[in-house]
Amino acid sequence: MKQFPGRPRGQGPVSSAGQRQNAVVLPGETRGDAKVGDLSHGRPADHHKVAGRPVVRDEQEGASVSAGRDAKMASEKKAKQFTWQRKHLLGLRELSAEEINYVLDTAEGFEEISTRSVKKAPPLRGKVVVNLFFEDSTRTRNSFTLAASRLSADVIEFTQKSSSVSKGETLLDTARNLEAMGVDIVVLRHGAAGAAKFLSRNIKACVVNAGDGFCEHPTQGLLDVYTIRKIKGSLEGLKIAIVGDISHSRVARSDMWAMTKLGAEVTFVGPPTLIPAQVSRLPVKVSYNLDEVIDKVDVINMLRIQFERLGGNPFPSTREYSHYFGLTVDRMKRARPGILVMHPGPINRGIEMESEVADGKNSVILDQVKNGLAVRMAVLFLVNQAAAVGE
Amino acid sequence: MKVILNARQIEPILDDLTARIVCDLPRNLDVAVIGIRSRGEILAQRLCARLSAKLGKEVPCGTLDITLYRDDLNSPRGTSQPQVRTTEIGFDVNDKIIILVDDVLYTGRSARAAMDALIDLGRPKAVRLAVLVERAGREFPIQADYAGYKATAWPDERVQVNFVECDGKDEVFVE
């Protein structure tokens, strides 16, 4: 029988907080008057400027990551209380810089799981994640499947072709039927903008947007800024060019929101036929000439020409497009030596970029894919947390 | 708030812990120290430095983040939310004696989570738990192999350890 030290006069109040206290005090623990969700967070660059303290660490770790982490531990005491409260991830437009940084910080913690011999952790054990994909995808879908599996969740794959949607079942009916079977998180890719938002308002499960029409692709935006942050330390003041079919690109939009919120300067580059007319209302610069931009940017993100989506004739020929807007070896010679070359994939080799550039030393395309896994694990973990706590 | 250990009292406790750990170590086996984030990490580094000095060889030190293995992830916790951080263990845990280090042992749930995390990393020869402070109130059948100080506190009080590296000074207090 448990012995508590006896009290002289009756029992004092035994709060539930006291009873369930963890042996380890984690920085996230509340202390009564802590503020929640303060959105006026300082600039992300502060994380990485404070000098570190000597720590015994793993030699393989990159210098910028270790410096950033030291600073983070030191500034954690000063950082205000923050909790992730979103049950859904529908887009990056509505996220604050603090929320974005929180996801990226969480993703860092998940990277290690993929390096172990047992590549699993238990936070989503017993939860069901369904990949509701109405458009083709290998990269994103496999990435979400693997991310969910690494967190010990059960994954259901849904492809439109082999489903009742071909018999005319609506999106909402499909989702509600799955929900009736007990689904906790729905990862949705759909051809209509706003589909994820619509779903989030009509079902009880968490919704993660894996691409809705031309609107947003938030996990791609997050993994892009994560890749940049990991190598460059911070996005503050960086100049980033996004090149290609901007008007049909949800990746461009999500990237734009994430990058500008973290302090980068974004320039859209492409032929006038592929840059939307309303671009002046967006927080970006525009250029119709890649050669003017190539020597001024720290990061260049090449978008795929989505032949399956192009209506009409936006350019006379693909050869002319790649002549003016392709990332060639010659153009790379004029670029900054530390420039990062990114691409959301799949690459049309020879059109958006030459093979030598795609496989060259500035290319971080494969890093993007690797980081995508950690970022998606973080997203699934966080939305599940918000849902669990909210109940 | 009542201070039960100050900086001058903590140092000899760490020396004592080190001596007791070394006493039990067989000569031919590898030992490594792993601290549970976040204050266990600092304690682990201090113990590791002392152990290395005493054994005359470099003892590897690692850090374990147990957020993903907590048993309260899916239950409402009010406004607090633990943040997932990195686990950094740059060595193989197989066939080593792992000294698992934490600042306070209370319910035993953190130690349980840490052991589950360690098993996913490999198969240690043995895991021994070393804590700076232990207090009554175990909710799991877990005991410390090496405990520096035994604190008494009411169930609604909390025993907090501060270290100079992250809190400004070394002290243990009850509030």
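1. A look at the overall build of chain B
Okay, step 1: Each helix and strand counted, chain B has 4 helices and 8 strands in total.
Okay, step 2: Ordered by position from the N terminus, the helices and strands of chain B form the series β-α-β-α-β-β-α-β-β-β-α-β.
Okay, step 3: The globule rule puts the C-alpha radius of gyration for 175 residues at 16 Å, and the 16 Å found for chain B is close to it.
Okay, step 4: The dimensions of chain B, computed from C-alpha atoms along their principal axes, are 45 × 40 × 30 Å.

2. Looking at the domain arrangement of chain A
All names here are of chain A.
Okay, step 1: Once the domains are mapped, chain A shows domain 1 (120-216) and domain 2 (218-369).
Okay, step 2: The C-alpha-based centres of domain 1 and domain 2 are spaced at 28 Å.
Okay, step 3: Taken together, the contact pairs 7 residues of domain 1 with 8 residues of domain 2.
Okay, step 4: Among the elements that make up the side of domain 1 that touches domain 2, the one with the highest residue count is strand E4 (residues 206-212) (3 residues).
Okay, step 5: Considering only residue class, the side of domain 1 that touches domain 2 consists of 3 nonpolar, 2 polar and 2 charged.

3. Some details on unusual backbone geometry
Okay, step 1: Residue proline 346 of chain A is reached from glycine 345 of chain A by a cis peptide bond, and omega for that bond is -10°.
Okay, step 2: Looking at where proline 346 of chain A falls in the secondary structure, it is placed in the loop between strand E9 (340-342) and helix H12 (355-358).
Okay, step 3: Residues arginine 37 of chain B and serine 38 of chain B are joined by a peptide bond in cis, for which omega reads 0°.
Okay, step 4: With respect to the helices and strands, serine 38 of chain B occurs in the loop between strand E2 (31-36) and helix H2 (39-55).
Okay, step 5: The phi torsion at aspartate 95 of chain B lies on the positive side, around 60°, for a residue other than glycine.

4. Some points on the packing of helix H7 (residues 218-232) of chain A against helix H13 (residues 365-390) of chain A
Residues and elements named next belong to chain A.
Okay, step 1: Packing of H7 against H13 brings their axes to within 8 Å, and their N-to-C directions diverge by 120°. Regarding H7 and H13, the two cross each other, and that crossing is right-handed. Across from Thr219, Leu222, Leu223, Asp224, Tyr226, Thr227 and Lys230 in H7, the residues of H13 making contact are Asp367, Gln368, Asn371, Gly372, Val375, Arg376 and Val379.
Okay, step 2: When the residues that make up the contact of H7 with H13 are grouped by side-chain class, the tally is 5 nonpolar, 5 polar and 4 charged.

5. Structural notes on the sheet that holds strand E8 (residues 171-174) of chain B
Residues and elements named next belong to chain B.
Okay, step 1: Spatial strand order, E1-E8-E7: 3 strands in an open sheet with antiparallel pairing. In the strand order of this sheet, the two ends are held by strand E1 (2-6) and strand E7 (159-162), each with one partner. Within the sheet, the average angular offset between the axes of one strand and its neighbour, ignoring direction, is 20°.
Okay, step 2: Bridge count between E1 and E8: 4 bridges; the pairing is antiparallel. Bridge pairing in E8 links asparagine 6 to glutamate 171.
Okay, step 3: Sheet contacts for helix H1 (residues 7-23): E1 and E8; angle to E1, the most-contacted strand, approximately 50°.

6. As for the confidence of the model for chain B
Okay, step 1: Looking at chain B, the pLDDT average stands at 91 and 97% of residues meet or exceed 70.
Okay, step 2: Predicted complex metrics record ipTM = 0.84 and pTM = 0.81.

7. Quick look at the pairing of strand E4 (residues 97-105) of chain B
Residue and element names in this part refer to chain B.
Okay, step 1: Among the 9 residues that make up E4, 8 are buried, leaving the element largely enclosed by the rest of the structure.
Okay, step 2: Two strands pair when backbone bridges link them, and E2 and E4 are joined in this way by 5 bridges, in the parallel orientation. Considered in E4, the bridge of alanine 32 is made with isoleucine 98.
Okay, step 3: Across 8 bridges, E4 lies against strand E5 (residues 126-135) in parallel orientation. Counterpart to valine 104 in the pairing with E5 is valine 133.

Calculation rules
- Residues numbered from 1 in each chain as written.
- Chains lettered and ligands numbered in written order.
- Predicted model: local features only at pLDDT ≥ 70, side-chain atom pairs only at ≥ 80, totals over all residues.
- Helix = DSSP H or I, 4+ residues; strand = E, 2+ residues; numbered from the N terminus.
- Rg over C-alpha atoms; globule rule 2.2 N^0.38 Å.
- Domains from an automatic or database assignment.
- Contact = placed C-beta atoms within 7 Å.
- Nonpolar A, V, L, I, M, F, W, Y, C, P; charged D, E, K, R; others polar.
- Axes fitted to C-alpha atoms, helices over the stretch in contact; angles between N-to-C directions.
- Left-handed = near helix turned anticlockwise from the far one by under 90°.
- Pairing = 2+ DSSP bridges.
- pLDDT = per-residue confidence, 0-100.
- Buried ≥ 20, exposed ≤ 12 C-beta atoms within 10 Å, placed from the backbone.

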